[in-house]
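# Observations on the three-dimensional arrangement
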Amino acid sequence: MRKITSHTLVRKGMPFIGRVIENVLPYIEKSLITISKKADEQTQREVLRLACTYRKVIVSQEEVSSPSELTKERQKQIENTETEWILFLDDDDWWPKDHFEEMLDMIKRDQCVDGYSVDPYQLIDKDHYDSSWNNKSFTKFFRNKPGLHYRGGWPRDLIYLNDSLLYWKKNIRVPRLGKKFFHLSYLKDNSFRKETWAKQYESTMGIAVELPINEKENAKRIFEYCG
């Protein structure tokens, strides 16, 4: 099995940050978490709990003067990664066990890719997701090679391998797969999109669509596990 390190930036990560990390820990080599010094107390306590409980969890702090500078923090995580693969894991990304194991199997078999783009179920409740996210896909898995770097200011930053953008529409070595993970930003206590500086990143909820039967079971586990 090829080894993976997860990368997470967090400021307001409750209520999911702890469970999101613990959910993938059995499958990864390390979890690198960069937490803001301005993080709320609950998030700080939860990240500290993770670091004290699991040797795999490595925590650092950032104190950027503007959100756009978080791109540099993401680059630091790349520089501190030794595994062959990187998982970019937001604090509200939930990977069902079966979906994650399927991704691991693909990584194990495929030698001709530099990344994988996956689609989210933007969860509204335990039975429904936002259909307006159907055409969105994110490169969440990257092969860790020399020349891997970010460009642009967060949250508009993009990942490149040398001069090749690792985005499925621009790069045949980054195939787009089907829906594989649940995005929980609608269910979080806070989101950066609600902050004054981020008004241009606001999104409007689209039509609610019922989850497939098998995915309802995965969504049910999220609510049971995360409370």
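Everything here concerns the structure above.
Residues numbered from 1 in each chain as written. Predicted model: local features only at pLDDT ≥ 70, side-chain atom pairs only at ≥ 80, totals over all residues. Heavy atoms only, no water.

## Here's the deal with the overall build of the protein chain
Let me state the cut-off plainly: Starting at the N terminus, helices and strands are each numbered in turn, a helix being any DSSP run of H or I of at least four residues and a strand any DSSP run of E of at least two. The quantity called the radius of gyration is restricted to C-alpha atoms. Its globule counterpart is 2.2 Å times the number of residues to the power 0.38. Exposed residues in this analysis have more than 50% of their type's maximum accessible area, buried residues have under 20%, and partly exposed residues fall in between, with area computed by a 1.4 Å probe over protein chains only. Whether two residues are in contact is decided by their heavy atoms: any pair within 4.5 Å suffices. Every accessible area reported is derived by Shrake-Rupley at a probe size of 1.4 Å, with residue values counting cover from the shown protein chains alone.
Helix and strand counts for the protein chain stand at 5 helices and 13 strands. Relative to a compact globule of 227 residues, whose C-alpha radius of gyration would be 17 Å, the protein chain shows 17 Å and is just as compact. Summarising its shape, the C-alpha atoms of the protein chain cover approximately 40 × 40 × 40 Å along the three principal directions. Buried positions account for 51% of the 227 residues belonging to the protein chain. A sequence separation of at least 24 residues applies to 79% of the contacts in the protein chain between residues at least 6 apart. Carbon and sulfur atoms make up 48% of the accessible area of the protein chain, which amounts to about 11,600 Å² in all.

## So, the sheet that holds strand β3 (residues 57–62)
Here is the rule: A pair of strands is labelled paired if DSSP reports no fewer than 2 bridges between them. Every angle, taken between N-to-C directions, lies between 0 and 180 degrees, and every axis is a line fitted to C-alpha atoms, over only the stretch in contact when it is a helix.
Taken in spatial order, the 8 strands of this open sheet run β3-β2-β1-β4-β8-β6-β12-β5, and their pairing is mixed. If you trace the sheet from one side to the other, it starts and ends with β3 and β5 (93–94), each paired once. The pairing of strand β4 (residues 85–88) with strand β8 (residues 138–143) spans 3 bridges and is antiparallel. Considered in β8, the bridge of L87 is made with F141. Against the sheet, helix α4 (residues 97–109) makes contact with β1 (4–10), β4, β6 (115–122), β8 and β12 (176–183), and its axis sits at roughly 145° relative to β12, the strand it touches most.

## Re the pattern of salt bridges
For the record, the criterion: Each reported salt bridge corresponds to a side-chain nitrogen of Lys or Arg within 4 Å of a carboxyl oxygen of Asp or Glu.
All told, the structure shown has 20 salt bridges when counted by the stated rule. In this structure, E73 engages K76 in a salt bridge whose closest nitrogen and oxygen atoms are separated by 3.3 Å. Here the residue E73 and the residue K76 both occupy positions in helix α3 (residues 70–79), the gap between them amounting to 3 residues, near one helical turn. A relative accessible area of 9% means that E73 is categorised as buried.

## A few points about the sheet that holds strand β9 (residues 148–151)
The 3 strands are arranged β9-β10-β11 in an open sheet whose pairing can be described as antiparallel. Looking at strand neighbours, the two that pair on one side only are β9 and β11 (164–165), the edges of this open sheet. Bridge count for strand β10 (residues 158–161) against β11 is 2 bridges, and the pairing is antiparallel. Across the sheet, the residue bridging to L161 is S164, located in β11.

## Comments concerning the packing of aromatic side chains
Between two aromatic rings, the relevant description is the distance of the centres plus the angle of the planes. Put simply, the test is: Note on ring pairs: Phe, Tyr and Trp rings are taken, using the six-membered ring of Trp, and paired if centres are within 6.5 Å. Classes follow the plane angle, with under 30 degrees stacked, over 60 edge-to-face and the rest tilted. Charge-over-ring contacts are defined here by two conditions on Lys NZ or Arg CZ: a distance within 6 Å of the ring centre and an angle within 35 degrees of the ring normal.
Overall, the coordinates contain 11 aromatic pairs when judged by the stated rule. A ring pair is formed by Y27 and F100, whose centres lie 5.4 Å apart and whose planes are at 50°; its orientation type is tilted. One end of the pair, Y27, is in the loop between α1 (17–24) and β2 (30–36); the other, F100, is in helix α4, with 73 residues separating them in the sequence. Taken as a pair, Y27 and F100 share a single burial class, namely buried. Ring geometry for Y121 and Y129: centres 5.1 Å apart, planes at 70°, overall edge-to-face. Accessibility expressed as a relative area gives 7% for Y121, which makes it buried. For Y129, a relative accessible area of 9% puts it in the buried group. Aromatic rings pair up to connect Y27, W95, F100, F141 and F181 into one cluster. The lysine or arginine in question, R74, covers the ring of F88, its NZ or CZ lying 3.7 Å from the ring centre.

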